[in-house]
Amino acid sequence: MAETDLAAPPADQLAAMNLNDTVENHAYSDRVLIKSIVGRPDGGAGLAGQRVRAGGWVKTGREQGKGTFAFLELNDGSCPGNLQVIVDAGVAVLSKLVATGTCVVVDGLLKVPPEGTRQRIELRVEKVVHIGEVDPAKYPIPKTKLTLEFLRDHLHLRSRTNTIAAIARIRNALAFATHSFFQEHHFLYVHTPIITTSDCEGAGEMFQVTTLISEAEKLEKDLIKNPPPSEADIEAARQLLSERGEAVKQLKAAKASKADISASVVELNKAKDNLSKLEERFKLKPGIPQKDGKIDYTQDFFARQAFLTVSGQLQVETYACAVSNVYTFGPTFRAEHSHTSRHLAEFWMVEPEIAFADLQDDMNCAEAYVKYMCKWLLEKCLDDMEFMVKNYDKGCIDRLRMVASTPFERISYTEAVELLEEAVRVGKKFENAVEWGIDLASEHERYLTEVKFQKPVIVYNYPKGIKAFYMKLNDDLKTVAAMDVLVPKVGELIGGSQREERYEVIQERIMEMGLPLEPYEWYLDLRRYGTVKHCGFGLGFERMILFATGIDNIRDVIPFPRYPGRADL
């Protein structure tokens, strides 16, 4: 790992260090974070002589000196570096400590190890406070090298591996960077709904949210257990109601006592309630309720069809058209039966919207945001990035540096197609044909950014036929003010546009797409009342992690991947 691979500092540097430096316990845990020891510039050497409590999981452990002591490499997830721990046999039963995956909490003295060792500091254990044992024969995450595909079958334990823990810290850093960027630029963070009645993309590949199925199953079981009344039961209840009504009439006619009439009325009301319940139950039919041969969604939980969102964009626009600069950052869902390394059924999107802004502003914001995240990782997550360089992608740090420091190329869609056609003419072969009007495939995007320009590329002004209804129609009536940010390794990272603010134009576009107007009436209201030019974009958060780390499969950069056939935990 980055920290433990470095040699110990020379003796004269050690002498110059302040050996009275102190390391604080974690604010809400009776232990010192391993990062606060080995993550220091001196690798922890300046803390020699201090007593600390450390806890973590054993990465590797081995008994030495014929069983007189053991070396443990301890990691608590706070950084990629391990803390070397030395335990004497007189302190604990060593065989219980050395298995990979064992959780230990120890008290001990920090010491500078002998010269020639990789570590700059080690912990000599004086007391073992806790042992969470592991049976090595059954533990599914041994210290041998495991494939990322294998780890997908052990989601609940894979975060104990170096790779998944490093990805988790990189993901955390990028999330922190996202909020920092938008907060620094005076954007308001808005929580958009996960359950929606709008299809933002118009693609129809949405997960439906319904209680009709569970309610139908519940009713079916209930009808088996308590069969509905027969017509004879209904008729008998009607007869009883008639008799009870007649009895009340007779008592009133006979001028009976108030108490007798009241008692008879009570019986009459009971008969009414009983008939009402029987008639209601008589109407119950097993299965999902239908009306005119179609599913009756008025009987559903929300009294209409509802879905898991594919984007928070439409909803967050309502706030952009009131408080100007906003962003949403949350999970989105797509019921697409895709098994590629680039698709998930549940994924996270970062979606800003900017009022009083056009496509040029949109591109400027997207470029600045991507550069900000790259710089953030280089400044605050370099140790984890060095781990990725060593184990997965030798060029990922160089790629971050290039993106952080290089102006993005900007070309129109038409220019992009011309460049691709030129590449074909000189011998480049693409699996997908190139012509004006196509939706650029990943191979086209990666050619532009990796081969032609060798840096990020923003392609703008796409044909209206391949873009969503809400994108602003350009004066040529053929293209819309859309833009995609393409980066090496993944292709499209961001998709955005200036939104169509003209009421008549967007209404026509919705109908052109074959979408019903009714669900979008609220969206049209934003154009009816105080319309304003505005723009925005969406960044696929997992794609940003793929770009940063060099990991190949998107299922390995989200903690709990959901894809066709799999929704573990």
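Computed from a predicted structure; not experimentally measured.

Caption draft 1: Fine view of the overall build of the protein chain. When its secondary structure is counted, the protein chain shows 16 helices and 18 strands. In terms of C-alpha radius of gyration, the protein chain reaches 33 Å, well past the compact-globule figure of 25 Å for 569 residues. Seen through its principal axes, the protein chain has C-alpha atoms that stretch 115 × 75 × 45 Å. Split into buried and exposed, the 569 residues of the protein chain put 48% on the buried side. Within the protein chain, counting contacts between residues at least 6 apart in sequence, those at least 24 apart form 69% of the total. For the protein chain, the accessible surface area stands at approximately 28400 Å², while carbon and sulfur atoms represent 53% of it. Within the protein chain, the 82 negative side-chain charges are centred at a point lying 4 Å from the centre of the 71 positive side-chain charges.

Caption draft 2: Fine view of the environment of Phe 333. The topology assignment puts Phe 333 in strand 12 (residues 325–333). Classification of Phe 333 by relative accessible area gives buried; the value is 9%. With 16 residues separating them along the chain, Phe 333 and Met 349 place their C-alpha atoms 9.9 Å apart. In this view, Phe 333 contacts Ile 194, Phe 207, Leu 308, Thr 309, Val 310, Ala 345, Glu 346 and Phe 347; residues no more than four positions away in its chain are not counted.

Caption draft 3: Representation of the packing of aromatic side chains in the model. One pass over the full model with this rule turns up 21 aromatic pairs. Ring geometry for Phe 301 against Phe 302: centres 4.9 Å apart, planes inclined by 75°, an arrangement best described as edge-to-face. Assessed through its relative accessible area of 62%, Phe 301 is described here as exposed. Here Phe 302 falls in the partly exposed class, since its relative accessible area comes to 39%. Grouping aromatic residues by their ring pairs yields a cluster made of Phe 176, Phe 181, Phe 182, Phe 187, Tyr 189, Tyr 327, Tyr 369, Tyr 372, Trp 376 and Phe 537. Above the face of the Trp 436 ring, Lys 478 is positioned so that its terminal group lies 5.4 Å from the ring centre. When the ring centre of Tyr 563 is taken as reference, the NZ or CZ atom of Arg 555 above it lies at 3.7 Å.

Caption draft 4: Local environment of the packing of helix 4 (residues 162–184) against helix 16 (residues 541–549). Remark: helix 4 packs on helix 16, axes separated minimally by 10 Å, with the N-to-C direction vectors making an angle of 120°. Regarding the angle of helix 4 to helix 16, the classification is oblique. Relative to helix 16, the crossing made by helix 4 is right-handed. Where helix 4 approaches helix 16, its residues Ile 167, Ile 170, Arg 171, Leu 174, Ala 175 and Thr 178 are matched on the opposing element by Phe 541, Glu 542, Met 544, Ile 545 and Thr 549. Each residue belonging to the contact of helix 4 with helix 16 can be placed in one class, and the counts come to seven nonpolar, two polar and two charged.

Caption draft 5: A look at the packing of helix 8 (residues 313–323) against helix 15 (residues 521–528). Relative to each other, helix 8 and helix 15 sit at 30°, their axes nearing to 10 Å. Between helix 8 and helix 15, the angle is such that the two are roughly parallel. For the crossing formed where helix 8 meets helix 15, the hand is left-handed. For the pair helix 8 and helix 15, the contacting residues are Gln 313, Leu 314, Gln 315, Glu 317, Thr 318 and Cys 321 in the first and Trp 522, Tyr 523, Leu 526 and Arg 527 in the second. By residue class, the composition of the contact of helix 8 with helix 15 is five nonpolar, three polar and two charged.

Caption draft 6: A look at a nonpolar patch on the surface. Residues Ile 194, Ile 195, Phe 301 and Phe 302 make up a contiguous nonpolar surface patch of roughly 390 Å² in combined accessible area. Its place among the elements puts Ile 194 in the loop between strand 6 (188–189) and strand 7 (195–196). Taking the relative accessible area as the measure of exposure, Ile 194 reaches 37% and is therefore partly exposed.

Caption draft 7: Up close: the environment of Ala 259. By the element assignment, Ala 259 lies in helix 7 (residues 258–283). Along the backbone, Ala 259 and Ala 423 are 164 residues apart, and their C-alpha atoms lie at a distance of 100 Å.

Caption draft 8: Just the sheet that holds strand 5 (residues 122–132), in detail. Strand order in the closed barrel made by the five strands is 1-2-3-5-4, with mixed pairing throughout. Pairwise comparison of adjacent strand axes, ignoring direction, gives a mean angle of 55° for this sheet.

Caption draft 9: Geometry of helix 10 (residues 382–391). Of all the residues in helix 10, the buried ones are Asp 384, Met 385, Phe 387 and Met 388. Seen end-on, helix 10 carries its buried residues on one side only, within an arc spanning 150°.

Caption draft 10: Representation of the nonpolar core in the model. Judged by nonpolar contacts, the single largest core of 68 residues is most densely connected at Phe 182, Leu 377, Met 483, Ile 494 and Leu 539. Looking at which element gives the most residues to this core, the answer is helix 9 (residues 359–380), with twelve residues. Setting aside anything within four residues of it in sequence, one finds Phe 182 in contact with Phe 187, Tyr 327, Val 350, Pro 352, Cys 365, Tyr 369 and Phe 537. Counting 31 residues, the second largest nonpolar core, distinct from the first, contains Leu 420, Val 457, Leu 486 and Ile 506.

Caption draft 11: Representation of the sheet that holds strand 6 within the structure. Reading across the sheet, the eight strands line up as 6-12-13-18-17-16-15-14 and stay open at both edges, with mixed pairing between neighbours. The open sheet has two edge strands with one neighbour each: strand 6 and strand 14 (409–412).

Caption draft 12: Region of interest: the pattern of salt bridges. Throughout the structure, instances matching the rule amount to 34 salt bridges. With a shortest N-O distance of 2.9 Å, Arg 51 and Glu 126 are connected by a salt bridge. With Arg 51 in strand 1 (residues 51–64) and Glu 126 in strand 5, this residue pair connects regions lying 75 residues apart in the sequence. A relative accessible area of 58% places Arg 51 in the exposed class. Note that Arg 509 is salt-bridged to Glu 512, the shortest N-O span being 3.2 Å. Placement of the pair is Arg 509 and Glu 512 together in helix 14 (residues 503–512), with a separation of three residues, close to one helical turn.

Caption draft 13: Representation of the state of the cysteines in the model. Inspection of every chain in the model, using the stated rule, returns zero disulfides. Among the cysteines around Cys 381, which has no disulfide bond, Cys 79 carries the closest sulfur, lying 11 Å off.

Caption draft 14: Here's a closer look at the side chain of Asn 553. Relative to the helices and strands, Asn 553 is located in the segment after helix 16. For Asn 553, the side chain forms a polar contact with the main-chain nitrogen of Arg 555, separated by 2.9 Å. Once you skip the residues sitting within four places of it in the chain, Asn 553 turns out to touch Arg 152, Ser 341 and Leu 546.

Caption draft 15: Expanded view of the pairing of strand 5. As defined by bridge partners, strand 3 (residues 83–88) adjoins strand 5 across three bridges and the pair is classed as parallel. Bridging from a neighbouring strand, Ile 86 pairs with Arg 124 of strand 5. Where strand 4 (residues 103–111) meets strand 5, nine bridges bridge the pair, whose relative direction is antiparallel. Its bridge partner lying in strand 5, Leu 109 is registered against Arg 124.

Reading the values: rules and limits
Residues numbered from 1 in each chain as written. Predicted model: local features only at pLDDT ≥ 70, side-chain atom pairs only at ≥ 80, totals over all residues. Heavy atoms only, no water. Helix = DSSP H or I, 4+ residues; strand = E, 2+ residues; numbered from the N terminus. Rg over C-alpha atoms; globule rule 2.2 N^0.38 Å. Buried < 20%, exposed > 50% of the residue type's maximum accessible area, 1.4 Å probe, protein only. Contact = heavy atoms within 4.5 Å. Areas by Shrake-Rupley, 256 points an atom, 1.4 Å probe, with all protein chains shown as cover. Lys, Arg positive; Asp, Glu negative; His and termini not counted. Charge placed at Lys NZ, Arg CZ, Asp CG, Glu CD. Phe/Tyr/Trp six-rings, centres within 6.5 Å; stacked < 30°, edge-to-face > 60°. Lys NZ or Arg CZ within 6 Å of the ring centre and 35° of its normal. Axes fitted to C-alpha atoms, helices over the stretch in contact; angles between N-to-C directions. Parallel < 35°, antiparallel > 145°, perpendicular 65-115°, else oblique. Left-handed = near helix turned anticlockwise from the far one by under 90°. Nonpolar A, V, L, I, M, F, W, Y, C, P; charged D, E, K, R; others polar. Patch = residues over 30% accessible without salt bridge, like charges linked within 9 Å, V, L, I, M, F, W, Y side chains within 5 Å. Salt bridge = Lys/Arg side-chain N within 4 Å of Asp/Glu carboxyl O. Pairing = 2+ DSSP bridges. Arc of directions from axis to C-beta. Core = buried A, V, L, I, M, F, W, Y, C linked by side-chain atoms within 4.5 Å. Disulfide = S-S within 2.5 Å. Polar contact = N/O pair within 3.5 Å; in protein donor to acceptor, adjacent residues only side chain to side chain.

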